[in-house]
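Given next are the chains, with one letter for each unit.
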Amino acid sequence: MSSTVRTAVVHDWLNGMRGGEKVLEAILPLLENPTVFTLFHVPGSVSPGIERYPIVASYLNRLPFAAAGYRNYMPLFARAVESFDLSGYDLVVSSSHSVAKGAIAREGAPHLCYCHTPVRWAYEQFDRYFPRATTRFYAAKRAAVARLREWDLATAGRPTRYLANSSAVADRIRHTYRRLADVCHPPVDVEFFHPDGSPRGDFLLAVGALVPYKRYEEAIEAARIVRRPLVIVGKGPEEARLRAVAPPDVRFASGLPPEALRALYRSCAAYVQPGEEDFGIAAVEAIACGAPVVALGRGGARDIVVEDVNGALYEEDSGEALANALRRALGRGFDYTRIRASALPFRTERFTDEFSAALREVSR
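Residues numbered from 1 in each chain as written. Predicted model: local features only at pLDDT ≥ 70, side-chain atom pairs only at ≥ 80, totals over all residues. Heavy atoms only, no water.

A. Quick look at the overall build of the protein. When helices and strands are tallied, the protein shows 15 helices and 13 strands. In terms of overall size, the protein behaves like a compact globule, its C-alpha atoms giving a radius of gyration of 20 Å where 364 residues would be expected to give roughly 21 Å. Projected onto the principal axes, the alpha-carbon positions of the protein cover approximately 60 × 45 × 35 Å. Residues classed as buried in the protein amount to 57% of the 364 residues present. (Helix = DSSP H or I, 4+ residues; strand = E, 2+ residues; numbered from the N terminus. Rg over C-alpha atoms; globule rule 2.2 N^0.38 Å. Buried < 20%, exposed > 50% of the residue type's maximum accessible area, 1.4 Å probe, protein only.)

Here you go:
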């Protein structure tokens, strides 16, 4: 690509450092003259590695309560992402788990979409995000999501090429959008996340946003059954509900510095992943630190967890099934060097090579 190339990078929202933002942080240095376009931006909520680039937020960012209540503007997401003027950009790269892939590139400009997943709550997980018994204006939200789903399907042809973050997401893209996607696993800093010989404690660990599809209530139930303490690291709209059902030996934490999170990975008895993840960066960080992972055997976990090598998978979506898998894993003698080695294929350098190759191909 010429040094005069200008790149528009469209990311759904910037209000915290989660898995998608870690991928965005790795993508930006690979692009020429990138400007980030996003529906919502809370300054200081993401890393300096993202904040150092120009960031353009949509008009939704100026609406009341946008910082904390951005989900309430869901019916406007599609129109907002289409409002970005990308006519002056030679290349569009979207990092999409919601509507970013529907951004409109100028005619002739290639659009590479790194798809974390087709919109979870618009397809198979609507009822987990919007339970009928507790969702206000349920009928209106169902209708709004149906309209967004129609738009999402109608705009599936806008990207020139898709990359998927896991084999499961590639399958979803093929089934939902009728498009093919190459798998490009997210980058994990396996140099930072490594063991240090710390003894394993007795507690279980879960890390991620406190949102419905993570199913942390099942982790709480499993910890109770196996009589182990549990540490949940993250924040989100489910926090109050989870705290209400958690016994005293379940500890919640958020905003930890990377060194503190690494210390938890290094000393937990096992890392638990009760929800179906699109990929599961935190699970790879855990195995990079030598921790076995016990995960629901769906989604991205199947690209990460190998039975008898670095953890255990289970099939039934329940706290009891997780508890049974934990008993199996905790009773097994793992080779912790082998666990660590299973994380190395997900290193940052591999992501850089694969993503850069896709950029070259789409820009020909």
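B. How the structure looks around the packing of aromatic side chains. Going through the model one piece at a time under the given rule, you end up with 14 aromatic pairs. Ring plane angle 70 degrees and centroid distance 5.9 Å describe the contact between F40 and F77, whose orientation is recorded as edge-to-face. Of this pair, F40 sits in strand β2 (residues 34–41) while F77 sits in helix α4 (residues 77–82); the two residues are 37 residues apart in sequence, bridging distant segments of the chain. On the numbers, 6.4 Å between centres and 50 degrees between planes, the contact of Y114 with F355 is tilted. Separated by 241 residues along the polypeptide, Y114 in strand β5 (residues 111–115) and F355 in helix α15 (residues 348–362) bring together distant segments of the chain. F355 shares its class with Y114; the two are buried. Among the aromatic residues, ring-to-ring pairing joins W13, F40, Y70 and F77 into one connected group. One cation-aromatic arrangement involves R6 over Y89; the distance from NZ or CZ to the ring centre is 4.3 Å. (Phe/Tyr/Trp six-rings, centres within 6.5 Å; stacked < 30°, edge-to-face > 60°. Lys NZ or Arg CZ within 6 Å of the ring centre and 35° of its normal.)

C. The pairing of strand β9 (residues 230–233), seen in detail. Residue alternation in β9 divides its side chains into two sets, L230 and I232 and V231 and V233, and both sets are buried. Here 4 bridges tie strand β8 (residues 204–207) to β9, and the two strands are oriented parallel to one another. Across the sheet, the residue bridging to L204 is L230, located in β9. With helix α8 (residues 216–226) bridging β8 and the parallel β9, this β-α-β connection has right-handed handedness. (Pairing = 2+ DSSP bridges. Right-handed = clockwise from strand over helix to strand, strands pointing away.)

D. Broad picture of the sheet that holds strand β13 (residues 311–314). Pairing within the open sheet is parallel, and its 6 strands lie in the order β10-β9-β8-β11-β12-β13. The open sheet has two edge strands with one neighbour each: β10 (250–253) and β13. Averaged over all pairs of adjacent strands, the angle between their axes in this sheet comes to 20 degrees, without regard to strand direction. For β8 and strand β11 (residues 270–273), the ladder comprises 2 bridges, and the chain directions are parallel. Directly across from L204, in β11, lies its bridge partner A270. Packing of α8 onto the sheet brings it into contact with β8, β9, β10 and β11, and relative to β9 it is tilted by some 165 degrees. Sheet strands touched by helix α13 (residues 319–330): β8, β11, β12 (293–296) and β13. Its angle to β13, the strand with the most contacts, is close to 155 degrees. (Axes fitted to C-alpha atoms, helices over the stretch in contact; angles between N-to-C directions. Contact = heavy atoms within 4.5 Å.)

E. Looking closely at empty space enclosed by the protein. Evaluated as defined, the whole model comprises 1 cavity of 30 Å³ or more. Here the largest cavity defines a volume of roughly 30 Å³. What lines the largest cavity is simply V207, K214, Y216, Y271, V272, Q273, P274, G275 and E277. Per-element accounting of the lining of the largest cavity gives the leading share, 3 residues, to β11. Taken together, the residues of the lining of the largest cavity break down into 5 nonpolar, 2 polar and 2 charged. (1 Å grid on protein atoms, 1.4 Å probe; cavity = no way out; pocket = protein on both sides within 12 Å on 5 of 7 lines; lining within 4 Å. Points joined across faces, edges and corners; volume = space filled by probe spheres on them. Nonpolar A, V, L, I, M, F, W, Y, C, P; charged D, E, K, R; others polar.)

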